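# Report on the structure
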Amino acid sequence: VEVRYNLPFGLDVSPKNGLAVCSKDGTGGEKVNDVLRFTSQWALGLPRGDGLMTTAASFAGGLAWQVSMFDVAKANSWDQVV
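Before going into details, it helps to say that this report is about the structure given with it. Just so it is clear, the model here is predicted, and its values are computed rather than measured. (Residues numbered from 1 in each chain as written. Predicted model: local features only at pLDDT ≥ 70, side-chain atom pairs only at ≥ 80, totals over all residues. Heavy atoms only, no water.)

## Examining the overall build of the protein chain
Rules: Secondary structure elements follow DSSP: runs of H or I of four or more residues count as helices, runs of E of two or more count as strands, with numbering from the N terminus. The buried label goes to any residue with under 20% of its type's maximum accessible area, the exposed label to any with over 50%, and the partly exposed label to all in between, with areas taken from a 1.4 Å probe on protein chains only. We call two residues contacting when some pair of their heavy atoms lies within 4.5 Å.
Across its full length, the protein chain carries 2 helices and 5 strands. Starting at the N terminus and walking to the C terminus, you meet the elements of the protein chain as β-β-β-β-α-β-α. Sorting the 82 residues of the protein chain into buried and exposed places 13% on the buried side. Contacts in the protein chain between residues far apart in sequence, at least 24 positions, make up 34% of those at least 6 positions apart.

If you want it as structure tokens, here you go:
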């Protein structure tokens, strides 16, 4: 299940037994003890895709912001989640 929010939003999640667990019911349908498994993340990276423009940008060192999904279970610390 994917849940999307408008910014800014509130999500009450805290670490519990190595998991990111909802600590309060939310307006998006989250319930106490729901587990946050993935979250979106923004990171700088080389352009993705096939084609002349992305190849040229890659060789030129053209970095761009990219969004991807972050597996919360693979976080090394709570700071990586928040």
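## Section: the sheet that holds strand 3 (residues 35–36)
Test applied: By the convention used here, strands pair only if DSSP detects at least 2 bridges between them.
Taking strand neighbours across the sheet as the criterion, the 3 strands line up as 1-2-3 in an open arrangement whose pairing is antiparallel. Looking at which strands have only one partner, the edges of the open sheet turn out to be strand 1 (13–16) and strand 3. Two elements, strand 2 (residues 19–22) and strand 3, share 2 bridges in a ladder whose sense is antiparallel. Its bridge partner being in strand 3, V21 is matched across the sheet by V35.

## A few points about a nonpolar patch on the surface
Put simply, the test is: Like charges are joined within 9 Å and nonpolar side chains (Val, Leu, Ile, Met, Phe, Trp, Tyr) within 5 Å, but only among residues with over 30% relative accessible area and no salt bridge; these make up the patches. Per-residue and other accessible areas follow the Shrake-Rupley method at a 1.4 Å probe size, with only the shown protein chains counted as cover for residues. The rule for a salt bridge is simple: a side-chain nitrogen of Lys or Arg has to be within 4 Å of a carboxyl oxygen of Asp or Glu.
Nonpolar side chains collect at one region of the surface, where W42, L44, L46, L63, W65 and V67 lie side by side and expose about 700 Å² of accessible area between them. Broken down by secondary-structure element, the contributors of at least two residues to the nonpolar patch are strand 4 (38–45) and strand 5 (64–71). You can see W42 is positioned in strand 4. For W42, a relative accessible area of 58% corresponds to the exposed category.

## Regarding the layout of surface pockets
Here the idea is plain: a probe the size of a water molecule rolls over the atoms and shows the empty space left. To keep things clear, this is the line we draw: Here the term cavity refers to a set of points on a 1 Å grid, laid over the protein atoms alone, in which a 1.4 Å probe fits but cannot get out; the term pocket refers to an open set having protein on both sides within 12 Å along at least five of seven lines, with lining residues being those that place an atom within 4 Å of a point. Grid points are joined across faces, edges and corners, and a volume is the space filled by probe spheres set on the points.
Within this model, the largest pocket holds a volume of roughly 900 Å³. Every residue lining the largest pocket is counted, 25 residues in all, and those nearest its centre are V3, Y5, L36, F38 and T39. Among the secondary structure elements, those contributing two or more residues to the lining of the largest pocket are strand 3, strand 4 and helix 2 (78–81). Counting residues per element, the lining of the largest pocket draws most heavily on strand 4, which supplies 3 residues.

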